[in-house]
Amino acid sequence: MAMAMAVVSFPSLLNKSTLPTSLFTPTFLPAKSSSLLIKSSPKTRFVVSSSMEAGIGVMGSKLGMMTFFEDDGTVVPVTVVGFREGNIVTQIKTLATDGYDAVQIGYRRVRDKKLTKPETGHLLKAGTIPMRHLQEFRLTNVEGFETNQKLVFDEIFKEGDLVDVAGTTIGKGFQGGIKRHHFKRGQMTHGSKSHRALGSIGAGTTPGRVYKGKKMPGRMGGTRTKIRKLKIVKVDKELNVVMIKGALPGKPGNLLRITPAKIVGLNIPKN
């Protein structure tokens, strides 16, 4: 995908007397992906790029976990994912219209009054049913897709394929260091009064503060996470479910985003 990569310079951070003038002039360079390249010094540079999927994916609902027995008797723990109404293409974004290539998918049918007027108008424009969830899948090529096109899981993925599954983990509220970071507890005898206490968090005089990133009590769970390279064990067309090996984020009923696994050298370039 041919896009423009903006190069932004910061003159206040550099010494103009020792560097050429052209370094402080914003320029645009051709790039293969949508990236923002920021030059803060001649030796260091920071590249902020958006995530590109290895292929089109779908959304599903987590139903729970069970045990699956393979033909040779091997016991495999699997998570069952079901699919409600949806996984319909609601919008196709191209480089000419939106500046990047992506396919927007809708999932889980709801009543009209559950949506706002802008959401309802957006779906009516695509000619689709009212759906609660809308997500984009950024692709290198959007040819072959059209609005109101339904995506079927067994047509995109097969048994044995590797997928990346993203979702929101179960929120556990405010937790201490032992539960949140697996700290060891203190002595329970000999007069100890620090059983589950965190302990020292730094010296007083130097540095006189708490370092950023210090593992301390706080909110646990309820974050967006992705589990990569999970194997599809079984695809059941009659029940409209799929069994994926291992545990997936969230509790039963949680929304999951399933995409082809990114494998360097296979569907992701090495550079």
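- For the chain, the name recorded in an unreviewed UniProt entry is Large ribosomal subunit protein uL3c, with Camelina sativa as its organism.
- The heading Sequence similarities (unreviewed entry) in the UniProt record of the chain holds the text "Belongs to the universal ribosomal protein uL3 family."

### Focus: the pairing of strand 5 (residues 58–69)
In regular strands, side chains alternate between the two faces of the sheet.
Move 1: Looking at chain direction, strand 5 and strand 15 (residues 255–260) are connected through four bridges and run antiparallel. Paired with V58 across the two strands is I258, which belongs to strand 15.
Move 2: Bridge analysis of strand 5 against strand 6 (residues 75–82) gives eight bridges, and the strand direction is antiparallel. Residue pairing in the sheet places F68 in a bridge with V76 of strand 6.

### Overview of the sheet that holds strand 9 (residues 131–138)
Move 1: Ordered by their spatial adjacency, three strands build an open sheet running 7-8-9, and the pairing between neighbours is antiparallel. Strand pairing shows two members of the sheet lacking a second neighbour, strand 7 (86–93) and strand 9, which therefore form its edges. Going across the sheet, the axis of each strand differs from the next one's by a mean of 25 degrees, ignoring polarity.
Move 2: As defined by bridge partners, strand 7 adjoins strand 8 (residues 102–109) across six bridges and the pair is classed as antiparallel. Residue pairing in the sheet places I92 in a bridge with V103 of strand 8.
Move 3: Packed onto the sheet, helix 1 (residues 117–126) meets strand 7, strand 8 and strand 9 and runs at close to 85 degrees relative to strand 7.

### A word on the confidence of the model for the chain
Move 1: Confidence along the chain averages 83 in pLDDT terms, with 81% of residues attaining 70 or more.
Move 2: Below pLDDT 50 for its whole length, residues 1–49 participates in 78 contacts with residues either more than four positions away or in separate chains.

Cut-offs and rules
- Residues numbered from 1 in each chain as written.
- Predicted model: local features only at pLDDT ≥ 70, side-chain atom pairs only at ≥ 80, totals over all residues.
- Heavy atoms only, no water.
- UniProt positions renumbered as here; feature names shortened; annotations may be inferred.
- Pairing = 2+ DSSP bridges.
- Helix = DSSP H or I, 4+ residues; strand = E, 2+ residues; numbered from the N terminus.
- Axes fitted to C-alpha atoms, helices over the stretch in contact; angles between N-to-C directions.
- Contact = heavy atoms within 4.5 Å.
- pLDDT = per-residue confidence, 0-100.

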